[in-house]
Each structure stands twice: as C-alpha cells, then as structure tokens.
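Topology and contacts: notes
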Amino acid sequence: MKYKAIFLDVDGVLVDSEKVFNVCWRKAAEQEGYQMTFGQALELRSLDSGLAKKLFLSWYGDENAYPSIRAARKVLMSEMTAQEPLKAKAGVSEFLSKIKELPVKTVIVTSSPVSRITAYLASVGIDVNSFDAVVTTEQVKRGKPFPDVYQYACKAIGYRPEECIAVEDSPNGVKSAHEAGCYTV
C-alpha cells in the first residue's frame, strides 16, 4: 500500500461540532458587543490563534475583541454541549472500523487541545487511545493553515508526508495538510 498513515481532524471530520462552534462564536461576539456574520465565524475554523487575533483586529479595530469573544465562546460552547451532547459525524463509526482493518497508522491531527478532543471523542463513543498518535497545534509554534502540525505528525510517526493521507473539512486544515505534502481529502 502506498499510504502508511491516515491523519484525521476531529472537529467537523469525526465530531459534528463545527456548527456549534459557529453559533457560539456569533453569540459570544454579540454578548461582548460585536457583530459577527456566519461567514466570519466560518473563517475561524481551525485557524491559528495568531492569525485569528489579527483577523479580529481587522474586523473590530480592538485588540481586546479576540480574547474577550474567545473566552465567552468557550463558556457558551461548554453550556451548549452540556445541554445537547455532540454527535459523531454520519458514517464515522463504520469508517473507523474499516481503516482499522488497513495496514496504516491512524493519527488525530487537530487544532483543538488534547483535553477538548478527548472529551469530544469520548462523548460520541470514540476512545482517543484507539489511535496510534494524537498531535495537536499545542505541540507546534504555528497552527493551521500553516503546515507545522502535519509536518510534526509525520516526524512523530516516522513517515514522509507523501506516505500520509489527511482528512480535513476546513480550508485552513486543507491548506495545512496540503502544504505539508500530505495527500489531502
């Protein structure tokens, strides 16, 4: 087999959390006295925090906008997911069963912190320990859309990027995986 590893994003690929993030970003902005469109919230998907800070500054002209809205979004997200638990994306269980039959390593590669993805995966019945490795942007200097997290993942498992498939759902994630040299789906 040409490919030796499959890299999987969590939010939007394994867990149906992106729509909740979008709602929470917009509600948090409103709570903090700002307006955020659906499209603006989409731009934040898997976006490096340094780039997000610059984006918020360009939108609102206020250096405090990003940290205050982000903090409010975290609270709202926690409250929302406590009321209505997240669900796995359709077909994920079958997909994970099938790739476990393949002679490949399965690796989580995400922008979310380990604590969050562990909780999200557990809430949808997926054991984070069933993967060969977990790599987050906490382990690199720059997050998605930069290639750093995928380059790190390749080094962590000892494979070249061209030996790895990356499954992504956001433009920032696709750009990150593609620029690292991974075959990107």
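To be clear, the structure that these remarks concern was listed above.
Residues numbered from 1 in each chain as written. Predicted model: local features only at pLDDT ≥ 70, side-chain atom pairs only at ≥ 80, totals over all residues. Heavy atoms only, no water.

It is worth spelling out the packing of helix α7 (residues 148-157) against helix α8 (residues 171-180) at this point. For the pair α7 and α8, interaxial distance at closest approach is 7 Å and the crossing angle is 50°. The pairing of α7 with α8 is recorded here as oblique in orientation. Considering the relative orientation of α7 and α8, their crossing is right-handed. On α8, the residues that touch Val149, Tyr150 and Gln151 of α7 are Gly173, Ser176, Ala177 and Ala180. Taken together, the residues that form the contact of α7 with α8 break down as four nonpolar, three polar and no charged. (Axes fitted to C-alpha atoms, helices over the stretch in contact; angles between N-to-C directions. Helix = DSSP H or I, 4+ residues; strand = E, 2+ residues; numbered from the N terminus. Parallel < 35°, antiparallel > 145°, perpendicular 65-115°, else oblique. Left-handed = near helix turned anticlockwise from the far one by under 90°. Contact = heavy atoms within 4.5 Å. Nonpolar A, V, L, I, M, F, W, Y, C, P; charged D, E, K, R; others polar.)

When two helices pack together, their arrangement is given by the angle between the helix axes and the distance between those axes. In the contact formed by helix α3 (residues 49-60) and helix α4 (residues 65-83), the axes pass within 8 Å of each other and the chain directions differ by 110°. In terms of axis orientation, α3 runs roughly perpendicular to α4. Across the interface between the two elements, Ser49, Ala52, Lys53, Phe56 and Tyr60 of α3 pack against Ala65, Tyr66 and Ile69 of α4. For the contact of α3 with α4, the residue count by class is six nonpolar, one polar and one charged.

Moving on, we come to the nonpolar core. Counting 43 residues, the largest nonpolar core has Leu14, Trp25, Met36, Phe56, Ile69 and Leu121 as its most contacted members. Within the residue set of this core, elements represented by two or more residues are β1 (5-8), α1 (18-31), α3, α4, α5 (92-100), α6 (114-123) and β4 (164-167). When residues no more than four places from it in sequence are discounted, the contact partners of Ile69 are Trp25, Ala28, Ala29, Glu32, Tyr34, Met36, Phe56 and Tyr60. Judged by nonpolar contacts, the second largest core, of 17 residues, contains Phe7, Val135, Val149 and Ala180. (Core = buried A, V, L, I, M, F, W, Y, C linked by side-chain atoms within 4.5 Å. Buried < 20%, exposed > 50% of the residue type's maximum accessible area, 1.4 Å probe, protein only.)

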